[in-house]
Amino acid sequence: VGTIDTDFFPAFSALCTKLEDKEEAALTSSSACTSVSLLGSRAQWYAVKDPHLSLAKHFALQRHLFGSMLDLLTLAVSRVARFTAQIQPRIRLLNNQFKCTQFACLLVGQGSEQIEALITEIDTVMRRFSFPTYYQPIIPHVSLAWRSNKQTSSSADKHSSSSSSAILKLECSPSLIQVESVICQIGERRYYLPLAR
């Protein structure tokens, strides 16, 4: 659990505006055209209210399974030691599993191996309950902004090879966060599951 630098979204908004201005000016540089094509002309992006490191897909959990699920998840994440993650000012566009929403995601540099280890542990628990496991290939990220995917080209999965592999750089600094626990949200309630010391 950590606080994501709030400068990322203003930098992203500035990039969108800059690219729209370039398109207005009919610039034909390949980098500008590629970026405009990725973000879309005057695309309506919305800030994610609670930016976080993504570790699992959403799924429906029956009430009688709450206790056993939490117990197994607590044990699973306790096998991974606390670590520092670097959130990089680099954007990659990814789709959700239903292909109805597109996200502008910040990529993770330092700490990506530990995040993958956490996801692997959590996936082990998911399989025991026949719940969906994480996207493949794993791309550690923080969702920064989202938009409807109705007018954008859909891809088979959020992290599929057909998702955009282009990287857009933001004009801001990386952010370091200390990851000491995992949040498991069930309904409106949040449970904090500590990592190993």
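For the structure, see preceding data.
Below: a short report on this structure. Keep in mind that this is a model prediction, so the values were computed, not measured.

Helix and strand content of the protein: 4 helices and 8 strands. Counting over 197 residues, the protein shows a buried share of 45%. Partitioning the contacts of the protein with sequence separation of at least 6, the portion at a separation of at least 24 is 75%. About 10900 Å² of surface is accessible on the protein, with carbon and sulfur atoms providing 50% of the total.

The next thing to look at is the pattern of salt bridges. All told, the structure shown has 3 salt bridges when counted by the stated rule. Taking the shortest distance from any N to any O, the salt bridge between Glu-121 and Arg-79 comes out at 3.1 Å. Separated by 42 residues along the polypeptide, Glu-121 in helix H4 (residues 112-128) and Arg-79 in the loop between helix H3 (66-77) and strand S2 (83-95) bring together distant segments of the chain. Among the ionic pairs, Glu-180 bridges to Arg-82, the shortest N-O distance being 4.0 Å. Of the two residues, Glu-180 sits in the loop between strand S6 (175-179) and strand S7 (181-186) while Arg-82 sits in the loop between H3 and S2, which places them 98 residues apart along the sequence.

Taking 1.5 Å as the rise per residue, H4 with 17 residues should run 24 Å; its terminal C-alpha atoms sit 25 Å apart, in good agreement. Those residues of H4 that sit buried are Ile-115, Leu-118, Ile-119, Ile-122, Asp-123, Val-125 and Met-126. Relative to the axis of H4, the buried residues are bounded by an arc of 160° and lie together on one face. Seen from the open side of H4, the exposed residues pointing more than 90 degrees away from its buried face are Glu-113, Arg-127 and Arg-128. Among the structural elements, H3, S2, strand S3 (101-108) and S7 are those in contact with the buried residues of H4.

Right, let's get into H3. The first and last C-alpha atoms of H3 sit 16 Å apart over 12 residues, in line with the 16 Å expected at 1.5 Å per residue. The set of residues buried in H3 consists of Phe-66, Met-69, Leu-70, Leu-73, Ala-76 and Val-77. Projection of H3 onto a plane perpendicular to its axis shows the buried side chains occupying an angular sector of 125°, all on one side. In this structure, the buried side of H3 is in contact with H4, S7 and strand S8 (189-194).

Rules used in this analysis
Every chain's residues receive numbers from 1 upward, in the order its sequence appears when written. Selection of residues for local features in this predicted model requires a pLDDT of at least 70, selection of side-chain atom pairs for listing and counting requires 80 or more, and totals for whole chains, interfaces and linings are taken over all residues. Excluded from the side-chain calculation are hydrogens and water; included are all heavy atoms of the structure. Secondary structure elements follow DSSP: runs of H or I no shorter than four residues count as helices, runs of E no shorter than two count as strands, and numbering proceeds from the N terminus. Three labels apply to residues, based on accessible area from a 1.4 Å probe with only protein chains included: buried if under 20% of the type maximum, exposed if over 50%, partly exposed otherwise in between. By definition, residues are in contact when any of their heavy atoms lie within 4.5 Å. Throughout, the Shrake-Rupley method with a 1.4 Å probe supplies accessible areas, and for residues the shown protein chains are the sole cover considered. A side-chain nitrogen of Lys or Arg and a carboxyl oxygen of Asp or Glu constitute a salt bridge if their distance falls within 4 Å. Here the expected span of a helix is defined as 1.5 Å times the quantity of residues minus one. In this context, the arc is that of the directions from the helix axis out to the C-beta atoms.

What is shown is where atoms sit, not what they do.
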